[in-house]
Amino acid sequence: MTEIIRGRLRHAGPYFKTFFKWAFFACVIGAAVGGVGVLFYYGTDWAFRMFHAYDWLILLLPVAGAVIYYLYKLCGQAGGKGTDLVLLAVRSNEKISAKTAPLIFIGTILTHLFGGSSGREGAALQLGGSLSAWLGRRLRLGDKDERLITLCGMSAAFAAIFGTPLTAVIFSMEVISVGVMYYAAALPCAVSALVAYGLAVRLGVQPPHFALSGVPEILPLPALQVAALALLCAGVSILFCVVTHGAARLYGKYLPQPFRIIAGGLLVMGFTLLLESLTGQRDYNGPGMQVIAAALEGQVRPEAFLMKILFTALTLGAGFKGGEIVPAFFTGATFGCTAGGLLGLDPSFGAGIGLTAVFCGVTNCPVASLFLSLELFGADGMLYALLACAVSYLFSGYYGLYSEQKILYSKLSPEYINKKAD
């Protein structure tokens, strides 16, 4: 009996070793990246408030663009791949420069301060991936462990900045190669996300939560309405990706840097001043969380989703910094509010379904999208969110925000295809 127990203990040894190893590393990453993530959260929040406090800041957006370009050029990062580089670092161990973290930090704050249309969660993936990769090299980890540590950083930054630790963990594991989850990263990502989230909450970051009104009972008619809305949202997600990538290609075709980013700044500035003269609002600059909140209360301008796509494409396509995820939230919530009402759904509930479905369509991450719905809106309507994710994932095709994202299995049949997102 003693020999059997010893044999069992020897067999369990590697599991305990792995547990303690990754629990320790994940705590370090969670604390380090979470702390920087909190600074990033407050920095972007300050920048957005300053932009709305001082109307003249929009006039300096082209200048801010030139500053961002020359900062990246000075650091040898002018041709950086952004979030795509983080995906490559996990899949093929592409090296991420330690300079990426401070550059994306400063670049995103400058973009928000002077009125560019971008989010911060996509930037969080770069920030977390860069910091954790640098720490991994300092800790002398091997290639495979460096990939896991990069996933830890992605989860920690996303959890700290947006306050959705469940989504952060699943999204980090799911977004790299659609169809294959990196389950070996489950423990380190979970620990790092919880540490970063806990730190952020203790330091005053408020996790977002919205109450949806008009959530219907599970009945055939609402299910058909939700499926129809999700189908339309899949089309909107394709439009978001095509316009965003297309703007970058058009800029690149006709304008070299730094003229490209200066021209983008001039275009965003011009559209901002024009719309302000017509509506008195600057709803499409920055991340637009206030508009998302209004949409989830059933109040939105019907053209808002199209304007946000345009402003985001002009901003990010030109070379300004930030993320695409919150603009995708904005697009989905505003479109869902309008289209949901036309389909007979409560506009607030339609906004929640739209946000979830468009996020699923642009990221090709249905599981993470379902967890996002749970963390943002609670358990009410979860079955409808499940249906919306399934429909949007299918009909969004192989389009995606990240050109280095691999879709390993066909959306039409259980067939291995291993193609990059369009």
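This one's a predicted model, so the numbers in the text were calculated from it and none came from an experiment.

(A) Fine view of the overall build of the chain. Across its full length, the chain holds 16 helices and 3 strands. Compactness check: the chain gives a C-alpha radius of gyration of 21 Å against a globular reference of 22 Å for 422 residues, within 12% of the reference. Looking at the chain as a whole, 56% of its 422 residues qualify as buried. Sequence-distant contacts, at least 24 apart, represent 76% of the contacts inside the chain between residues at least 6 apart. Total accessible area on the chain is roughly 17,300 Å²; 68% of this is exposed by carbon and sulfur atoms. One finds the centroid of the 29 positive side-chain charges in the chain at a distance of 13 Å from the centroid of its 22 negative side-chain charges.

(B) Fine view of the pairing of strand 3 (residues 416-420). Relative to strand 3, strand 2 (residues 406-409) runs antiparallel, the two sharing 3 bridges. When the sheet's bridge partners are listed, isoleucine 407 is paired in strand 3 with lysine 419. Taken together, strand 2 and the strand that follows it, strand 3, pair antiparallel across an intervening segment of 6 residues.

(C) Quick look at the packing of helix 10 (residues 259-279) against helix 12 (residues 304-318). Viewed as axis vectors pointing N to C, helix 10 and helix 12 meet at an angle of 155°, and their least axial separation amounts to 7 Å. For the element pair helix 10 / helix 12, the angle class is roughly antiparallel. Both helix 10 and helix 12 take part in a crossing whose hand is left-handed. Listed contacts from helix 12 to Arg260, Ile261, Gly264, Leu267, Val268, Phe271, Thr272 and Leu275 of helix 10 are Met307, Leu310, Phe311, Leu314, Thr315, Gly317 and Ala318. A breakdown of the residues in the contact of helix 10 with helix 12 according to their chemical character gives 10 nonpolar, 4 polar and 1 charged.

(D) Structural context of the layout of surface pockets. If you add up the space inside the second largest pocket, you get close to 290 Å³. Lining the second largest pocket are 19 residues, and of these Tyr41, Asp45, Arg120, Gln206 and Met289 lie nearest its centre. When residues of the lining of the second largest pocket are traced back to their parent elements, those giving at least two are helix 1 (2-53), helix 6 (143-162) and helix 11 (289-295). At 4 residues, the largest contribution of residues to the lining of the second largest pocket is made by helix 1. Here the residues of the lining of the second largest pocket sort into 10 nonpolar, 6 polar and 3 charged.

(E) Geometry of the side chain of histidine 112. If you trace the backbone, histidine 112 turns up in helix 4 (residues 100-113). By relative accessible area, histidine 112 is classed as buried at 1%. For histidine 112, the residues in contact, after removing those within four places along its chain, are Thr44, Ala47, Phe48, Phe51, Ser118, Gly119 and Pro287.

(F) Quick peek at the state of the cysteines. The tally for this structure, following the rule as stated, stands at 0 disulfides. The cysteine cysteine 360 is free of any disulfide, with cysteine 389 supplying the nearest cysteine sulfur at 4.7 Å. The class for cysteine 360 is buried, based on a relative accessible area of 0%. Cysteine 389 gets classed as buried once you look at its relative accessible area, which sits at 2%.

The rules behind these values
Residues numbered from 1 in each chain as written. Predicted model: local features only at pLDDT ≥ 70, side-chain atom pairs only at ≥ 80, totals over all residues. Heavy atoms only, no water. Helix = DSSP H or I, 4+ residues; strand = E, 2+ residues; numbered from the N terminus. Rg over C-alpha atoms; globule rule 2.2 N^0.38 Å. Buried < 20%, exposed > 50% of the residue type's maximum accessible area, 1.4 Å probe, protein only. Contact = heavy atoms within 4.5 Å. Areas by Shrake-Rupley, 256 points an atom, 1.4 Å probe, with all protein chains shown as cover. Lys, Arg positive; Asp, Glu negative; His and termini not counted. Charge placed at Lys NZ, Arg CZ, Asp CG, Glu CD. Pairing = 2+ DSSP bridges. Axes fitted to C-alpha atoms, helices over the stretch in contact; angles between N-to-C directions. Parallel < 35°, antiparallel > 145°, perpendicular 65-115°, else oblique. Left-handed = near helix turned anticlockwise from the far one by under 90°. Nonpolar A, V, L, I, M, F, W, Y, C, P; charged D, E, K, R; others polar. 1 Å grid on protein atoms, 1.4 Å probe; cavity = no way out; pocket = protein on both sides within 12 Å on 5 of 7 lines; lining within 4 Å. Points joined across faces, edges and corners; volume = space filled by probe spheres on them. Disulfide = S-S within 2.5 Å.

Any functional reading would require information that these geometric values do not contain.
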